[in-house]
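Residue-level listing of the chains:
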Amino acid sequence: MSKDQLSRAARAKKFGVAEGEGIVRCDACPVLCRIRPGRAGACARYANENGQLVRTDPVVLMQRALDEGGKLTPFAGSEWDGAPLDPSRTFVTGVGAGTTYPDYKPAPFIVSAEHDGLDTVTVVTEGIFSYCGVKVKIDTDRHLGPETAPIRVDGEQVGHVTTAEYGSQMLALGGVRHLTGGSKKEGVVTCDTMLALCSKEAVELTVDGGATMTIAAGQPPVINGAREERMRVGCGSATIGMFARQWFGKVDEVVVVDDHITGVLSEHQAGRYLGIHDTGIRVNGRKSTPGRYFQVAEPGTGWGGTNISDPLSILEPFNPKFARAGLTMLMVSTTGEQYGFYRLDENLKPVQEELPESLHVSVERIKENCEPALCTVMFMAGAGGSLRAGVTENPVGLTRSVKEALTSVTCGGAPVYVWPGGGITFMVDVVRVPANAFGYVPTPALVAPIEFTMTYADYAKLGGHIDQIRPLSSLQPDAGPHVVAPHAENPWPIETSR
Ligand code: SF4
């Protein structure tokens, strides 16, 4: 038997039940697959290897390397080369750790290590999350669909459009109702969609009455076939405030077209402050406060997230009491991608002209201040349920310890945000989690790594499975771990424990 086989077989002793004819029953989730020799279970995470139940992926360790000065630096990931692991710069993640089900069994790995003179314990598992979802932030001005509109994949509803935030649209995908509350196909498609997004793969989504988009974590969104390049610099009003001084003296009027708050320089507080005169401009829409208009058009994929392609369509005739022939006006979108320069003729009608060189800079500056448009995928799950029993005999003790910041929670070594209130509901940015960290089981539910790290004393205090603690070094002969470098932007997981 190879070292790897040996290791996996050794780990498998804790799991699975041998049945006749070499068949093993996997008991790592409620599906309880009966697996024949040489075959894998329904989720492909477990297999029958010579009558032993084995996890098909190695557990992932995270390691920092030492440079010549003894300073910790990122380590280039690789297979473990057999060299002794230095516990002070090695962290065991839940990736590949396996799952214990039901959870009254201790978690697969409860590992002790000394860090900065402190005895620590890290408890890791691959949690099975029926209560989980994905929140997606899409940096775009474009209208993706009405709020609460269903979002579909292969015709199945997998979530809905939620609030529009500053320069972004939010989607809420997954959740227990789509996983378990609809048809079997709805649950499967929802699970597949979440798994693909958490694995940083591209997924095509369709919004009822809205856009079709392709999104992937850390990538620009593609909306109705067009790749989004820029996130808006701000709303129309904020853009007026930011650039008013740069327009002063170069143009008489500026309108920043925005689906939410269209800004008008001459009426805006910024224009008043600079002493800009009335221009007689009249804007369609609901006036909020001076120089700030709501609902100038319908939402869409045109200028500033409206449905318009001709910005003049949001204007009514100029008021002749204040307007004059020759008055100049710049109209620009919140990303600077669309702009037009106009001069009023004898009839006070705007006539388009070339953008003067003196205004090019300000339009370019709007573009320059627009950050790249990206999709952010946050996995959100509740670890407040029975999973806690794998950590402690008194589950509420873990919740309290997390809330008191005595225990840190990480997901594949990545930092998480733990929501206030009951339970341990956390969110993690999937781009900061190692590759292949997420999986699924056909219940359906998502599988995600989770680690709880605390001092030995705190672990004992919360009623931890002290008799199951093993030193990190014990992973070497029997786990065949895969060693990876931490994500460059992640804090070292142990440093987050205090
Ligand atoms: S689906 Fe996977 S984890 Fe669940 S019983 Fe089957 S092999 Fe085991």
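Residues numbered from 1 in each chain as written. Predicted model: local features only at pLDDT ≥ 70, side-chain atom pairs only at ≥ 80, totals over all residues. Heavy atoms only, no water.

Draft legend 1. Inspection of the environment of Gly-463 at higher detail. Along the chain, the position of Gly-463 falls in the loop between α8 (456-461) and β36 (470-471). On the basis of relative accessibility, which here comes to 25%, the residue Gly-463 falls in the partly exposed class. When near neighbours in sequence (up to four residues on either side) are disregarded, Gly-463 contacts Thr-392 and Glu-393. (Helix = DSSP H or I, 4+ residues; strand = E, 2+ residues; numbered from the N terminus. Buried < 20%, exposed > 50% of the residue type's maximum accessible area, 1.4 Å probe, protein only. Contact = heavy atoms within 4.5 Å.)

Draft legend 2. Region of the structure containing the site of the ligand. Neighbouring the ligand are Cys-26, Ala-28, Cys-29, Leu-32, Cys-33, Gly-41, Ala-42, Cys-43, Arg-45, Tyr-46 and Pro-442. More than half of the atoms of the ligand fall within 2 Å of the grid points belonging to the largest cavity. Within the shell around the ligand, the residues separate by chemical class into 9 nonpolar, 1 polar and 1 charged. (Near = heavy atom within 4 Å. 1 Å grid on protein atoms, 1.4 Å probe; cavity = no way out; pocket = protein on both sides within 12 Å on 5 of 7 lines; lining within 4 Å. Sits in = over half its atoms within 2 Å of the grid points. Nonpolar A, V, L, I, M, F, W, Y, C, P; charged D, E, K, R; others polar.)

Draft legend 3. Spatial organisation of the layout of surface pockets. As a volume, the largest pocket reaches approximately 330 Å³. Considering the residues around the largest pocket, the lining is formed by 19 residues, among which Asp-103, Ile-128, Phe-129, Ser-386 and Leu-387 are closest to the centre. Broken down by element, the residue count for the lining of the largest pocket peaks at 5 residues, all from strand β11 (residues 118-129). Tallied by class, the residues present in the lining of the largest pocket amount to 7 nonpolar, 10 polar and 2 charged. Cys-132, Lys-135, Gly-174, Gly-175 and Val-176 are, among the 17 residues lining the second largest pocket, the residues nearest its centre. Every element with two or more residues in the lining of the second largest pocket is listed here: β12 (132-139), β14 (156-165), β15 (168-174), α2 (176-180) and β29 (375-382). Broken down by class, the residue content of the lining of the second largest pocket amounts to 7 nonpolar, 8 polar and 2 charged. (Points joined across faces, edges and corners; volume = space filled by probe spheres on them.)

Draft legend 4. Structural view of the environment of Gln-246. Inspection of the secondary structure puts Gln-246 in helix α4 (residues 236-247). Taking the relative accessible area as the measure of exposure, Gln-246 reaches 25% and is therefore partly exposed. Considering only alpha carbons, one finds Gln-246 and Val-361, 115 residues apart in sequence, at a separation of 8.9 Å.

Draft legend 5. Quick look at the pairing of strand β4 (residues 46-49). Here 4 bridges tie β4 to strand β5 (residues 52-55), and the two strands are oriented antiparallel to one another. When the bridges of β5 are listed, Tyr-46 appears paired with Arg-55. (Pairing = 2+ DSSP bridges.)

Draft legend 6. Region of interest: the side chain of Glu-156. For Glu-156, the position within the fold is in strand β14. On the basis of relative accessibility, which here comes to 15%, the residue Glu-156 falls in the buried class. If sequence neighbours within four positions are ignored, Glu-156 has contacts with Ile-151, Ser-183, Lys-185, Glu-186 and Val-189.

Just distances and angles here, no functional claims.
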